[in-house]
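# Fold and contact review
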Amino acid sequence: MSEKFLDKAYSLETPEATLEHYNQWAASYDAEIAENGYATPGRIAEALAQFQTDLSEPVLDFGCGTGLSGLALRRQGFETVDGMEPSAEMLAQAQAKGAYREITQIDVANRKPIRRGAYRLITGCGVLGTGAAPPDVFDMILHALPKGGLFTFSYNDHALADRAYTGKLIEWVDVGAARLLFQEHGEHLPKIDLKSTVYVIEKA
Ligand SMILES: C[S@@+](CC[C@H](N)C(=O)[O-])C[C@H]1O[C@@H](n2cnc3c(N)ncnc32)[C@H](O)[C@@H]1O
């Protein structure tokens, strides 16, 4: 039986441990995640399409991993999808899918990997949460978006239980710096009974 990684993914504590984990997981990620019924990429793509009718506008799939989230965007009809990802091994898998126009490897120590105003549409599918990107990445993405830009993302049940993540959303929305357009709790990895909330927010 091949090694399983999903059960270790929610207890990673440092950026280095996270990077190492995803580098090792890359080759078997798609199979293990599919086995568990990974539903969030399709839900994110559908949610974004409710608020974005021009499907030719580029979408940045931040933390694109092996490219399952980019594939879902392409299946939804988004024509131009770029990816950013810190793990070289995950990124190599994404490259092989052919779903992206460009894929950029980012350094997790880089606090501003997205050029300000470069994308009006950004997605983060399964990226913000324990064992992946830290809460500050939420601010980085919102600062990079232009006014009117959309961030479509998910928090799984672990992230939803962590005020450090939910607090970021509340901070931006409560002061009127972002507007909550869509919020839906639904299937994430049904086989392990893990759900996620998908959000669409607009930068004010
Ligand atoms: C659960 S995977 C999701 C990948 C892909 N979006 C999907 O839906 O399959 C989380 C991804 O976040 C990436 N990640 C971890 N820390 C990150 C950070 N600080 N910034 C951006 N991506 C990060 C990981 O390398 C991994 O590919």
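Conventions we followed
Residue positions are given per chain, counted from 1 along the sequence in the order it is written. The predicted nature of this model means local features are confined to residues of pLDDT at least 70 and side-chain atom pairs, given and counted, to a pLDDT of 80 or more, with totals for whole chains, interfaces and linings taken over all residues. Hydrogens are left out, water is left out, and the side-chain values use all remaining heavy atoms of the structure. Near is defined per residue: the residue qualifies when any heavy atom it owns lies within 4 Å of the molecule or strand. Pairing of N or O atoms within 3.5 Å defines a polar contact, subject to two protein rules: one partner must be a possible hydrogen donor and the other a possible acceptor, and residues neighboring in sequence count only if both atoms are side-chain atoms. In short, Shrake-Rupley with a 1.4 Å probe defines the accessible areas, and a residue's cover is counted only from the protein chains shown. We count a stretch as a helix when DSSP gives it H or I for four or more residues in a row; a strand needs E for two or more, and each element gets its number in order from the N terminus. Note on residue classes: Ala, Val, Leu, Ile, Met, Phe, Trp, Tyr, Cys and Pro are nonpolar, Asp, Glu, Lys and Arg are charged, and everything else, Gly too, is polar. Put simply, a salt bridge is a Lys or Arg side-chain nitrogen that is within 4 Å of an Asp or Glu carboxyl oxygen. Classification of ring pairs uses Phe, Tyr and Trp, with its six-membered ring standing for Trp, and accepts pairs whose centres are within 6.5 Å; under 30 degrees between planes counts as stacked, over 60 as edge-to-face, and the remaining range as tilted. Think of it as a cone above the ring: NZ of Lys or CZ of Arg counts as a charge over the ring if it is within 6 Å of the ring centre and within 35 degrees of the ring normal. The cut-offs for exposure are 20% and 50% of the maximum accessible area for each residue type, with area from a 1.4 Å probe on protein chains only; residues under the lower value are buried, those over the upper are exposed, and the others partly exposed. DSSP-based pairing: two strands are paired if at least 2 bridges between them are found. Clockwise travel from the first strand over the helix to the second, with the strands pointing away from the viewer, marks a crossover as right-handed.

### Structural notes on the site of the ligand
In the neighbourhood of the ligand, 22 residues make up the surrounding shell, with Tyr29, Tyr38, Gly63, Glu85 and Cys125 lying closest. Here a nitrogen atom of the ligand sits 2.9 Å away from a polar atom, N or O, in the side chain of Ser69. With respect to the ligand, the backbone of Cys125 contributes an N or O atom lying 2.9 Å from a nitrogen atom. When the free accessible area of the ligand is taken as 590 Å², the share hidden by the protein chains comes to 94%. At the level of elements, helix H1 (15-35) and helix H3 (68-76) are the ones that each hand at least two residues to the shell around the ligand. Here the element with the most residues in the shell around the ligand is H1; it accounts for three residues. Residue classes in the shell around the ligand are distributed as 15 nonpolar, six polar and one charged.

### Topic: the pattern of salt bridges
Enumeration over the complete set of coordinates arrives at nine salt bridges. The shortest N-O distance in the salt bridge between Glu57 and Arg120 comes to 2.8 Å. Taken together, the positions of Glu57 in the loop between helix H2 (40-51) and strand E1 (59-62) and Arg120 in the loop between strand E3 (103-105) and strand E4 (121-124) put the pair 63 residues apart, joining distant regions of the chain. In this structure, Arg111 and Asp136 form a salt bridge, with 3.8 Å as the shortest nitrogen-oxygen distance.

### Comments concerning the packing of aromatic side chains
Any aromatic ring pair is given by two values, namely how distant the centres are and how the planes are angled relative to each other. Under the defined criterion, the tally for this structure stands at eleven aromatic pairs. Seen from their ring centres, Phe5 and Trp25 are 6.1 Å apart, and the 25 degrees between their planes marks the pair as stacked. Placement of Phe5 in the segment before H1 and of Trp25 in helix H1 is noted, with a sequence separation of 20 residues between them. Consider the rings of Trp25 and Tyr29, whose centres lie 4.7 Å apart with planes at 65 degrees: the pair is edge-to-face. Here the residue Trp25 and the residue Tyr29 both occupy positions in helix H1, the gap between them amounting to four residues, near one helical turn. Taken together, the ring pairs connect Phe138, Phe151, Phe153, Tyr155, Tyr165 and Tyr199 into an aromatic cluster. The ring of Phe5 has Lys8 lying over it, and the distance from NZ or CZ to the ring centre is 5.0 Å.

### A closer look at the pairing of E1
Residues Val59 and Asp61 point to one face of E1 and Leu60 and Phe62 to the other, with burial holding for every one of them. Here four bridges tie E1 to strand E2 (residues 81-85), and the two strands are oriented parallel to one another. Within E2, the residue paired with Val59 across the bridge is Val81. Between the parallel pair E1 and E2, the chain is carried across by H3, and the sense of this crossover is right-handed. Across three bridges, E1 lies against E4 in parallel orientation. Across the sheet, the residue bridging to Asp61 is Thr123, located in E4.

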